[in-house]
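Here are the chains, one letter per residue:
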Amino acid sequence: MSLVHRARSKSPWVMHFDTAGCNGCSIEVFACFTPLYDLERFGIVNVGNPKHADVLLVTGTVNHKAKRVLKTVYDQMNHPKVIVAVGICATSGNVFHQSYNCLGGVDKVVPVDVYVPGCAARPEVIIDGIFLALKKLEEKRRDKDANHREVEPTGTSGQGEAAVR
Ligand code: SF4
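Residues numbered from 1 in each chain as written. Predicted model: local features only at pLDDT ≥ 70, side-chain atom pairs only at ≥ 80, totals over all residues. Heavy atoms only, no water.

Engineer: Explain the overall build of the chain here, please?
Structural biologist: A tally of helices and strands in the chain yields five helices and nine strands. Going residue by residue from the N terminus, the α and β elements of the chain occur as α-β-α-β-β-β-α-β-α-β-β-α-β-β. When the 165 residues of the chain are sorted by exposure, 42% land in the buried category. Summarising the internal contacts of the chain: among those between residues at least 6 apart in sequence, 74% fall at separations of at least 24. Counting every atom, the chain has about 9,400 Å² of accessible surface; 54% of that belongs to carbon and sulfur. (Helix = DSSP H or I, 4+ residues; strand = E, 2+ residues; numbered from the N terminus. Buried < 20%, exposed > 50% of the residue type's maximum accessible area, 1.4 Å probe, protein only. Contact = heavy atoms within 4.5 Å. Areas by Shrake-Rupley, 256 points an atom, 1.4 Å probe, with all protein chains shown as cover.)

Quick look at the structure:
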């Protein structure tokens, strides 16, 4: 593991995004960063810019209006990234899943790595979900490192023999 990856694994940056929830789960996400639960003691930092985030916590059911914004936030995150659906709204659409403007859970729009149950999801469960997400992030980083060591061309012409970096 490179020094940069080692440092980043000890200080993952997390962003919260609410689609169309009642804010119950959002309040529980905020509670995770209060002194009571103090997620920062693990080096986990809450950020507001998707370009800086490793982990995206999504709360609320996804409606047509939020779909485009969620996709944009997801696309702005750098690889590797991990998405956590927090609460029943985000995991399945909850009781709203058949309403006219509702698409359902977050995985209808972007790939989800970890599902956190609850209505509202309790901070303890959200923290558990974030740690599962960090394991997933580590796996993705390892895969990315392995892919970088793939066969690539060498030589001045750019069409030489293959080599492993
Ligand atoms: S899962 Fe429950 S608490 Fe969370 S956003 Fe949906 S309705 Fe609100």
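Engineer: Where do I start with helix α3 (residues 64–76) in this structure?
Structural biologist: Buried within α3 we find Ala66, Leu70, Val73 and Tyr74. Down the axis of α3, the buried set is contained in an arc of 95°. They therefore lie on one face. On the buried face of α3, the contacting elements are β1 (13–18), β3 (55–59), β4 (62–63) and β5 (82–86). (Arc of directions from axis to C-beta.)

Engineer: Is there a simple way to think about the site of the ligand in this case?
Structural biologist: If you check the shell around the ligand, you find Gly21, Cys22, Gly24, Cys25, Ile88, Cys89, Asn94, Gly118, Cys119 and Ala120 and nothing else. Secondary-structure elements contributing two or more residues to the shell around the ligand are α2 (24–32) and α4 (88–92). (Near = heavy atom within 4 Å.)

Engineer: Quick question: what am I supposed to make of the environment of Trp13 here?
Structural biologist: Mapped onto the elements of the fold, Trp13 is located in strand β1. Apart from residues no more than four positions distant in its own chain, Trp13 is found in contact with Val45, Val47, His52, Ala53, Asp54 and Val55. A polar contact is formed between the side chain of Trp13 and the backbone oxygen of Ser11, at a distance of 3.5 Å. (Polar contact = N/O pair within 3.5 Å; in protein donor to acceptor, adjacent residues only side chain to side chain.)

Engineer: What is the right way to look at the pairing of β3 in this model?
Structural biologist: As a general feature of sheets, a regular strand has side chains that alternate between the two faces. Taking burial as the measure, the five residues of β3 include five buried ones, the bulk of the element. The alternating pattern of β3 places Val55, Leu57 and Thr59 and Leu56 and Val58 on opposite faces, both of which are buried. Relative to β3, β1 runs parallel, the two sharing five bridges. Pairing of Phe17 across the sheet is with Val58, part of β3. When β3 meets β5, the two strands line up parallel, connected through five bridges. Each residue of the ladder has a partner; that of Leu56, found in β5, is Ile83. (Pairing = 2+ DSSP bridges.)

Engineer: What is the right way to look at the sheet that holds β3 in this model?
Structural biologist: Each strand in a sheet pairs with its neighbour through backbone hydrogen bonds, running either in the same direction (parallel) or in the opposite one (antiparallel). Read from one edge to the other, the open sheet built from five strands follows the order β2-β1-β3-β5-β7, with strand pairing classed as parallel. In the strand order of this sheet, the two ends are held by β2 (45–46) and β7 (114–116), each with one partner. Of the pairings in the sheet, the one linking β1 to β2 comprises two bridges and is parallel in character. Within β2, the position partnered with Val14 by the bridge is Asn46. Along the sheet face, α3 touches β1, β3 and β5 and points at about 170° away from the line of β1. (Axes fitted to C-alpha atoms, helices over the stretch in contact; angles between N-to-C directions.)

Engineer: Would you mind going over the pattern of salt bridges with me for this structure?
Structural biologist: Two side chains of opposite charge can pair, provided their charged atoms sit close to one another. With the rule as written, the count across this model stands at five salt bridges. Between Asp75 and Lys71 there is a salt bridge, with its nearest N and O atoms 3.2 Å apart. Of the two residues, Asp75 and Lys71 both sit in helix α3, four residues apart, roughly one turn of that helix. Judged by its relative accessible area of 35%, Lys71 is partly exposed. The shortest N-O distance in the salt bridge between Arg122 and Glu124 comes to 3.9 Å. What makes Arg122 partly exposed here is its relative accessible area of 42%. Several salt bridges share partner residues, and in doing so they unite Glu28, Arg122 and Glu124 into one network. (Salt bridge = Lys/Arg side-chain N within 4 Å of Asp/Glu carboxyl O.)

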